[in-house]
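The lines below spell out each chain.
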Amino acid sequence: GNKNIQAKLVLLGDMGAGKTSLVLRFVKGQFHEYQESTIGAAFFTQVLSLNEATVKFDIWDTAGQERYHSLAPMYYRGAAAAVVVYDLTSMDSFQRAKKWVQELQRQAGNPKLIMFLVANKADLNEKRQVHNEEGEQYAKENGLSFLETSAKTAQNVNELFYEIAKRVAKA
Ligand code: GTP
């Protein structure tokens, strides 16, 4: 029969990487050029219906500013899935993403955590600092799935959440 699954999903990554923008694209179909920086964290829900299951996501969109770093464990503990986002126009944000991956691997306490590495702002290809292959390679070495997205054009945004829902439904 059709399963109903509730899944906690957390987004982590440097400030300005586009976490809120990805969630707003997915949940509301919107994009704002002047998206305000998140304070603490923001909470969203969205339901995705698959053939095999209905997945209700409880989405925690964390704040990337360093001063909120200590709050992060509250949001990733108990999560079924984590999306680590970087801005592909910023090598710093890629380095920051790697730190998040390490922290999740050490601290999340969930060997079955579904992890995605997401290179966002794919529409800004002329400003790219991180090659597709670099992100892909790092993800592969660390057992994460990898996607390049654009919250602005919606490239790969639904794909990201559908892929996670499918994995959650299989688990
Ligand atoms: P914090 O809340 O500070 O952690 O940032 P965040 O990761 O949630 O980033 P946010 O979604 O606030 O986006 C930061 C800025 O980047 C905003 O001005 C967005 O409009 C812009 N932005 C986000 N995603 C994209 C994208 O895919 N393409 C382009 N061109 N701009 C984007």
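Structure's up top.
Report follows, based on the coordinates.

Parameters and conventions
Residue numbers here run from 1 along each chain, matching the order of that chain's written sequence. The predicted origin of the model limits local features to residues at a pLDDT of at least 70 and limits the giving and counting of side-chain atom pairs to 80 or more, whereas totals for whole chains, interfaces and linings rest on all residues. With hydrogens and water excluded, all non-hydrogen atoms of the structure serve as input to the side-chain values. In this text, near means that some heavy atom of the residue lies within 4 Å of the molecule or strand in question. We call two N or O atoms a polar contact when they sit within 3.5 Å, provided that within protein one can donate a hydrogen and the other can accept it, with sequence-adjacent residues counted only if both atoms are side-chain atoms. Only the protein chains shown count as cover for residues, and all accessible areas are computed by the Shrake-Rupley method using a 1.4 Å probe. Only DSSP runs of H or I with at least four residues qualify as helices, and only runs of E with at least two residues qualify as strands; both kinds are numbered from the N terminus onward. When residues are sorted by character, Ala, Val, Leu, Ile, Met, Phe, Trp, Tyr, Cys and Pro go into the nonpolar class, Asp, Glu, Lys and Arg into the charged class, and all the rest, Gly among them, into the polar class. Angular values range over 0 to 180 degrees, each being the angle between N-to-C directions of two axes fitted as lines to C-alpha atoms, with helices fitted over their stretch in contact. In these notes the angle categories are as follows: under 35 degrees is roughly parallel, over 145 is roughly antiparallel, 65 to 115 is roughly perpendicular, and the rest is oblique. For this analysis, residues touch if any pair of their heavy atoms sits within 4.5 Å.

### Section: the site of the ligand
Alright, step 1. Taken together, 24 residues are adjacent to the ligand, and Lys19, Ser21, His32, Ser37 and Gly64 come closest.
Alright, step 2. Backbone polar atom of Ala151 to an oxygen atom of the ligand: 2.9 Å apart, as the coordinates give it.
Alright, step 3. Surface burial for the ligand is 91%, taken as the share of its 650 Å² of free accessible area covered by protein chains.
Alright, step 4. Residue contributions to the shell around the ligand peak at three residues, all from helix H1 (residues 19–28).
Alright, step 5. When its residues are assigned to classes, the shell around the ligand shows six nonpolar, 11 polar and seven charged.

### Describing the packing of helix H3 (residues 91–107) against helix H4 (residues 132–141)
Alright, step 1. Interaxial distance between H3 and H4 falls to 12 Å at its minimum, and their mutual angle equals 10°. Here H4 runs roughly parallel to H3, going by the angle between their axes. Contact residues: H3 offers Met91, Phe94, Lys98, Val101 and Gln102, while H4 offers Glu134, Gly135 and Tyr138.
Alright, step 2. Here the residues of the contact of H3 with H4 sort into four nonpolar, two polar and two charged.

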